[in-house]
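Coordinates in review
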Amino acid sequence: RVDLAASGKSCFSTMEEASDRLRSEWWLHAVQDDGKYCVETYDVSHKVVAGFSCFSAMQLFLFSVVPFVFIFLRRRTRQLGACCHRMQRRSAAGGGSARQEDYRRGPSAGHRQQPAGDNDVGDCERQRRPSGDGVTVIVPLYLPNEQFVFRETVEWIMHNVEWLGALTLFVVYNTPEDMVEVEEQLRQMQRIAWPANRYLRVERVHGSTSKAANLNFAMRRIETPYLVVYDADHHPERGSLLRLLDALLREDVDCVQGSWYMRGLGETKGGCLARIVDAEFLADWYFAKEMSRMFMGNGYFSGSNGLWKTASLAGEAFNEKAMTEDFDMSVRLIMQNKRIAFCPTARSGELAPISWSACFNQRFRWATGWDESFLQHYRSFAMQPGVKLRSRCGLFWLFGVKYVLTMISLFSLIVCLPLTIYWYSTHDIVGQPMNLMGAMPTYLGCVTWVLATLEAICQIPARGKQGLIQVPVVILVASPLGYCCLFLFMVMLQVKSCARLCAGREATWEVTQRSPLAARSAAQQLLRANPFVVEVALVPQLKAAALVAADQDASTQWSESSRPPSELSEDREQLPDAIAAEAEEH
């Protein structure tokens, strides 16, 4: 044996003796040398890996585990308190039900089951709600991309979304070229006898090339005290709008942003992608966005399913050149000390991107929009007077600190992890610091994994069958392997976004192609325009599905038809090229 103090290492004949020495002191590791186990002090590579592993563990603990645990326990505590409150109300009423309606599955296919009580907004919301207040629902529409989804969305909102006063649905659309038949359908829908206190208004925004321009056009024409924005493919749950209003009044904020999920999971193309995005949405809306609000003191508007006080948007306009006009608006309002909250229980379902490339383009647009907002407003974070300190620090954390933490995590993933695996494969006993720092991220990551899975389980009563299917997908997506894959995907988007901005290339806005529902739903959209369109020579699958839909809903479709019988013979002979091409694709 050679003395460690004299030559820098001490050799032992067995691994057990070397391990005993490593347990007695830190910053030592053992390597095999001529059949012996020699204990040496850490070199630079070991110290770097240990340091980055320690930082990653601290980051994961402070910015993931602690917020995850706090958010999960707070949500369960609030639900328990609400349950106790309902039980007390029922007891005080002599055992009668406090619900005014038992919400069940809606009439449209592809939606989640809504068990009794899932969307019960309760008496507290109705008492807090000023009677007679109206709301304007803005649905920006881009043709021809969304020509097969708008009618279903309009009917869903007008017949299913609950509101206690007047509700005006304002459809604002733009199209690069005239679409006579589709635009005529939109105009004819204004003449339908909608339920009481429900009104439909349709306007074309000439010269518009973006969602922001459509929203600005609508905002200048709104007279109601509240407005809510839904994308053309969004179907909000029955009580979600009342939940948004309750949160808006209870927390006294300027905007409340609800959550999203993937609807029609069993009836869309690319089911695997839709399931993965749905699981990612659960972790994002129920944890990540709540974490942002904890650090920043504010949430942010995400473009759809957000309820605003109309007065809070007075004098404001969405940036028509921004890639993410919603987030740009949020940053500007936060700098004015206006408040935005999250309400994940106010849910709205959207259609998934039609393909992996469409999903990538969508996320790339989001990443570029965030970077653009940071470059445009970062001076205001520090220089603009009157901004609250928490908001100022939160915005810096959301933008600048995020990039630093991302780079450190990326270095730990692509450098430290392979080095650690290499050392273990060469029978190097890495010592206490490396063992501890290597194990901590694994254990801490398992905490967030378990909490995300438990949250998915807690959502089963609200989501029914789809919630049950979602659990194993969440287990996969929230696992350490799934997290690493999502993290690398986000880093790839971030690098591409920074490269484009550094090169000075202007980003172009692309419409996200959505997964259409099954052929049956596409056929129903055609049938609603004309119930005898099935006479046209469609593709066999679409024609068969259309015949089934016609048998099931013929009377309703005829009553809603906007075409006179004299024109039906023309429809039997030819189908417009645009609709025919879309039918072939479906």
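In what follows, the structure referred to is the one given above.
A few points on the structure. On a predicted model such as this, the values are computed, not experimentally measured, just so you know.

Now for helix α10 (residues 325-334). In terms of burial, α10 is largely enclosed, as nine of its ten residues are buried. Of all the positions in α10, only Glu325, Asp326, Phe327, Asp328, Met329, Ser330, Val331, Leu333 and Ile334 are classed as buried.

We now examine the pattern of salt bridges. On inspection of all chains with the given rule, the structure shows 19 salt bridges. When the shortest N-O distance is used, the salt bridge between Asp178 and Arg204 registers 2.7 Å. Placement of the pair is Asp178 in the loop between β5 (167-174) and α6 (180-189) and Arg204 in strand β6 (residues 198-204), with a sequence separation of 26 residues. Here Lys309 ties to Asp252 by a salt bridge, and the two come within 3.4 Å at their closest N and O atoms. Of the two residues, Lys309 sits in strand β10 (residues 306-309) while Asp252 sits in the loop between α8 (240-251) and β9 (255-262), which places them 57 residues apart along the sequence. Using a relative accessible area of 51% as the deciding quantity, one classes Asp252 as exposed.

To continue, consider the state of the cysteines. Taken as a whole, this structure holds one disulfide when the rule is applied. A disulfide bridge connects Cys11 with Cys38, and the sulfur atoms are separated by 2.1 Å. Taking the torsion about the S-S bond as the criterion, the Cys11 to Cys38 disulfide, at about 95°, is right-handed. Here Cys38 lies in strand β3 (residues 36-41) and Cys11 lies in strand β1 (residues 9-12), a separation of 27 residues in the sequence. Both residues of the pair, Cys11 and Cys38, count as buried.

Counting residues in hydrophobic clusters, the biggest one holds 42 residues, and the most contacted among them are Phe327, Phe381, Leu395, Leu398 and Phe399. For this core, the element with the most residues is helix α9 (residues 271-296), which contributes eleven residues. Judged by nonpolar contacts, the second largest core, of 41 residues, contains Val161, Tyr226, Val256 and Cys343.

A cluster of nonpolar residues, Trp26, Trp27 and Leu436, forms a patch on the protein surface that exposes about 330 Å² of accessible area. When you line up the elements, Trp26 lands in the loop between α2 (15-24) and β2 (28-33). For Trp26, a relative accessible area of 43% translates into the label partly exposed.

The buried fraction of β9 amounts to eight of the eight residues, a majority that puts the element mostly inside the structure. With three bridges joining them, β9 and β10 adopt antiparallel strand pairing. Within β10, the residue paired with Gln257 across the bridge is Gly306. Strand direction decides the pairing type here: β9 and strand β11 (residues 340-350), joined by eight bridges, are parallel. Each residue of the ladder has a partner; that of Val256, found in β11, is Ala341.

Let us now look at the sheet that holds β10. Ordered in space as β6-β5-β4-β7-β10-β9-β11-β8, the eight strands form an open sheet in which the pairing is mixed. Single-partner strands in this sheet number two, and they are β6 and β8 (235-236). The pairing of strand β7 (residues 226-229) with β10 spans four bridges and is antiparallel. The residue of β10 that forms the bridge with Val228 is Leu307. Each of β4 (135-142), β5, β7, β8, β9, β10 and β11 touches α8; the most contacted strand, β11, lies at about 180° to it.

About the thresholds
Residues numbered from 1 in each chain as written. Predicted model: local features only at pLDDT ≥ 70, side-chain atom pairs only at ≥ 80, totals over all residues. Heavy atoms only, no water. Buried < 20%, exposed > 50% of the residue type's maximum accessible area, 1.4 Å probe, protein only. Helix = DSSP H or I, 4+ residues; strand = E, 2+ residues; numbered from the N terminus. Salt bridge = Lys/Arg side-chain N within 4 Å of Asp/Glu carboxyl O. Disulfide = S-S within 2.5 Å. Core = buried A, V, L, I, M, F, W, Y, C linked by side-chain atoms within 4.5 Å. Patch = residues over 30% accessible without salt bridge, like charges linked within 9 Å, V, L, I, M, F, W, Y side chains within 5 Å. Areas by Shrake-Rupley, 256 points an atom, 1.4 Å probe, with all protein chains shown as cover. Pairing = 2+ DSSP bridges. Contact = heavy atoms within 4.5 Å. Axes fitted to C-alpha atoms, helices over the stretch in contact; angles between N-to-C directions.

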